[in-house]
Amino acid sequence: ITRIRLDSQELGQNARFSINGTNFQSASNVVTSDVSRIQGLTLNLKSSSMGDTVTVTVSKDSEAVSDAVGEFVDAYNELVENVDAELATGGALKDQSTLKFIRQQIRNLLVNTFAGATTFRNLAALGISTSAGNTVSAGDVSNAGIEFLYFDAEKFMEGYNKDAEAVKNMLVGSDSTPGILMQIENIVENALATGTGYFSIADKSYSDKILSINEKIKKANLAVEAYKARLESKFQSMDLLISQMQNQYNSFLNNNNQN
């Protein structure tokens, strides 16, 4: 059995560092926000001499924000194209007024001017604007009435660099004052809610209609079977009557021949 030699082991030491004059210790060189108290920031410490000052510059990733907004615009355009195609005359959901209302709610949030906003009054000020879709014939279900969003990334970056907090307030907001994207999320979540949402109610409505139709089909099949049974009974009676008549006629002929 090999014994562990404690005298040959060198125990590690906690990392010691200070941030803006406040001293910290960490058992790991990877310092997360629960240790540093800097929300959303993780520090990967490297070796340095005691007393050395290391400058850490933290900046917002504006390009990532711009890319995320661009992806939202693309997703919105795809949603509108698909929904409007189904709501158009001849579409599978052309009679769904609730879905039309939900679509209009979302669109209104994206084009409205917001009272109380100071730096940016609407999304157009951030480079997010509407552009009418191509003119199409009345019979073209796929694109009729579509209005897409257009994203000007350069204009958005200008606004973001000018006042990132105002952009955040408009798009995200807070729990007490939700921004545009939070309001859209609330609309979608309400539509998807189990039991009370649009899709749940619509699904139940269609299910009820299917059950009703199936019940009518069942009753119709039973009526057809009953009618068939009555006809078969009548045909059997007629067949029996014809057979009796034929026998009587044959008997009559035989009697005449014997006479």
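Located above this text is the structure these notes cover.
Not measured: the values here are computed from a predicted model. (Residues numbered from 1 in each chain as written. Predicted model: local features only at pLDDT ≥ 70, side-chain atom pairs only at ≥ 80, totals over all residues. Heavy atoms only, no water.)

**Observations regarding the overall build of the protein chain**
A count of helices and strands for the protein chain gives seven helices and six strands. Helices (α) and strands (β) of the protein chain occur, in sequence order from the N terminus, as β-β-β-α-β-α-α-β-β-α-α-α-α. For the protein chain, with 259 residues in total, the buried portion stands at 22%. By sequence separation, contacts in the protein chain at least 24 residues apart represent 47% of the contacts at least 6 residues apart. Accessible surface, the protein chain as shown: approximately 19400 Å² in total, 52% of it carbon and sulfur. (Helix = DSSP H or I, 4+ residues; strand = E, 2+ residues; numbered from the N terminus. Buried < 20%, exposed > 50% of the residue type's maximum accessible area, 1.4 Å probe, protein only. Contact = heavy atoms within 4.5 Å. Areas by Shrake-Rupley, 256 points an atom, 1.4 Å probe, with all protein chains shown as cover.)

**Some thoughts on a negative patch on the surface**
A cluster of acidic side chains, namely Asp61, Glu63, Asp67, Glu71, Asp74, Glu78 and Glu81, defines a negative patch on the protein surface. Residue Asp74 is classed as exposed on the basis of its relative accessible area of 53%. (Patch = residues over 30% accessible without salt bridge, like charges linked within 9 Å, V, L, I, M, F, W, Y side chains within 5 Å. Salt bridge = Lys/Arg side-chain N within 4 Å of Asp/Glu carboxyl O. Lys, Arg positive; Asp, Glu negative; His and termini not counted. Charge placed at Lys NZ, Arg CZ, Asp CG, Glu CD.)

**Re helix α2 (residues 62-87)**
An α-helical turn contains 3.6 residues, so any two residues separated by three or four positions project in the same direction. End to end, α2 covers 37 Å across 26 residues, agreeing with the expected 38 Å (1.5 Å per residue, within 8%). When α2 is considered as a whole, its buried residues turn out to be Ser62, Ser66, Val69, Gly70, Val73, Tyr76, Asn77, Val80, Val83, Asp84, Ala85 and Leu87. (Expected span 1.5 Å × (residues − 1).)

**A word on the packing of aromatic side chains**
The tally for this structure, following the rule as stated, stands at two aromatic pairs. The interplanar angle of 20° and the centroid separation of 6.1 Å between the aromatic rings of Phe156 and Tyr160 together place this pair among those described as stacked. Here Phe156 and its partner Tyr160 are both found in helix α4 (residues 153-162), four residues apart, which amounts to about one turn of the helix. Look at Tyr160 and you get buried, because its relative accessible area is 11%. Taken together, the ring pairs in this structure connect Phe151, Phe156 and Tyr160 into an aromatic cluster. (Phe/Tyr/Trp six-rings, centres within 6.5 Å; stacked < 30°, edge-to-face > 60°.)

**Side note on the environment of Ser174**
Of note, Ser174 is situated in the loop between α5 (164-171) and α6 (180-192). At a separation of 3.2 Å, a polar atom in the side chain of Ser174 contacts the side chain of Ser176. (Polar contact = N/O pair within 3.5 Å; in protein donor to acceptor, adjacent residues only side chain to side chain.)

**What to know about the nonpolar core**
If you look at the biggest cluster of nonpolar residues, it comprises 31 residues, and the most contacted ones within it are Leu110, Leu123, Phe156 and Ile180. At the level of elements, α2, α3 (97-111), β6 (147-151), α4, α5, α6 and α7 (198-258) are the ones that each hand at least two residues to this core. Counting residues per element, this core draws most heavily on α2, which supplies six residues. Of all hydrophobic cores here, the second largest spans five residues; its members include Phe17, Phe24, Leu41 and Leu43. (Core = buried A, V, L, I, M, F, W, Y, C linked by side-chain atoms within 4.5 Å.)

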